[in-house]
Amino acid sequence: MNAASSSPIEAIREYVRATSEPDEVTTTAVEAAQEFGLLTPDAMTAEFLEFIATRAGANAAAQGHTPTGIIVSPASGVIGLHLFQGLNAAQTEGHLTCIEPEVQHQQLAKQAFANAGQRPNTFRFLPSAPLDVIRRLANDSYDMAVAEAATEEFTAIVESTLPALRTGGVLVLLDSLMDGLVGDENRTDRQTTRAREADQFFRELENAKVSRLPLGAGATLITKIS
C-alpha cells in the first residue's frame, strides 16, 4: 500500500504498522487473543496507548504517587502490555486494574503479564461485569482508563469511570466512532444511533475535554478537568 493507492490516513496507518516492532511477548499475546476472537489494538492505537501511559507515569512520578490505570476489555492482556511498556518507558512501576468477567480472558491476560515479567502486585483482576464494579472504584484515584464496550453501554461506562479518574486523568474509549458511521445521517440502525447519541453526550460534558482521533475504528478521549 502507498499514498498513491490509498487514502492518506490509511497510508499513515500502514507506515506505522510496517515500522513498528512489537516484542515477542506482545506478539504472542496478540496471537493468543485473536485465537479467541478478541479485538486487539492496531499498531497506531498501541503506540498511542503507550504514549498515554508514559505521560501518566511521568506525571504521577512528579506528583509523588504510583501511576494507576483501569482496563475494561476482553483483550486486557494486550492492552495492559502496552500500558506497562509506557509506564516502563517513564521509569515508573504502576498498577493496573483489569475488569473482565470471563475466566478464559483473565487467564490470557495473566499469562501475558507473567511472560512480560510483571510482578503480581502490579495488577489485579475484578471478575465482574464492568458496570457492576466500576462505580465502586475509589474516586480520584486513577490516572488513565482504557475501555471498549457495546454501543448501548458507551454513556454508562464513561459516566461510571470519570469519577474514578484524578483531575487530568484520561479515559480512552476504543472504537467508539464505528469507522465514521456516526457521521452518516443515512445510518439509522440502533447501534449507529446509540453511538451518535453517546458522542453528542460526551461533547456536552461540563467536567471534561473531549477529543476524537482516527485510531482503530475511531477513539474518543475524555480528559477529566474537574
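For the structure, check the block above.
Here we summarise the structure given alongside this text.

1. Observations concerning the overall build of the protein chain
Next, step 1: For the protein chain, the count of helices and strands is eight helices and seven strands.
Next, step 2: Since a compact globule built from 226 residues should have a radius of gyration of about 17 Å, the 17 Å found for the protein chain is in line with a globular shape.
Next, step 3: Along the first, second and third principal axes, the C-alpha set of the protein chain runs to 50 × 40 × 35 Å.
Next, step 4: Split into buried and exposed, the 226 residues of the protein chain put 46% on the buried side.
Next, step 5: Across the protein chain, contacts joining residues at least 24 apart in sequence account for 72% of those joining residues at least 6 apart.
Next, step 6: When the accessible surface of the protein chain is totalled, it reaches about 11,300 Å², and 49% of it is carbon and sulfur.
Next, step 7: Here the protein chain contributes 17 positive and 29 negative side-chain charges, whose respective centroids are spaced 7 Å apart.

2. Digging into the packing of aromatic side chains
Next, step 1: Using the criterion set out here, one finds six aromatic pairs in the structure.
Next, step 2: Seen in terms of ring centroids, Phe113 and Phe125 are 6.2 Å apart; in terms of plane orientation they differ by 35 degrees. Their pairing is tilted. Taken together, the residues Phe113 in helix α5 (residues 103-115) and Phe125 in strand β3 (residues 123-126) connect sequence positions 12 residues apart. For the pair shown, Phe113 and Phe125 are each scored as buried.
Next, step 3: Taken together, the ring pairs connect Phe84, Phe113, Phe123 and Phe125 into an aromatic cluster.

3. Quick notes on helix α7 (residues 154-161)
Next, step 1: For α7, the buried fraction is high: six of the eight residues fall into the buried class.
Next, step 2: Along α7, the residues that are buried comprise Phe154, Ala156, Ile157, Val158, Ser160 and Thr161.
Next, step 3: Those residues of α7 that are buried lie in contact with β1 (68-72), α6 (130-133), β4 (142-147), β5 (165-173), α8 (190-203) and β7 (219-224).

Parameters and conventions
- Residues numbered from 1 in each chain as written.
- Predicted model: local features only at pLDDT ≥ 70, side-chain atom pairs only at ≥ 80, totals over all residues.
- Heavy atoms only, no water.
- Helix = DSSP H or I, 4+ residues; strand = E, 2+ residues; numbered from the N terminus.
- Rg over C-alpha atoms; globule rule 2.2 N^0.38 Å.
- Buried < 20%, exposed > 50% of the residue type's maximum accessible area, 1.4 Å probe, protein only.
- Contact = heavy atoms within 4.5 Å.
- Areas by Shrake-Rupley, 256 points an atom, 1.4 Å probe, with all protein chains shown as cover.
- Lys, Arg positive; Asp, Glu negative; His and termini not counted.
- Charge placed at Lys NZ, Arg CZ, Asp CG, Glu CD.
- Phe/Tyr/Trp six-rings, centres within 6.5 Å; stacked < 30°, edge-to-face > 60°.

That is the geometry; function is a separate question.
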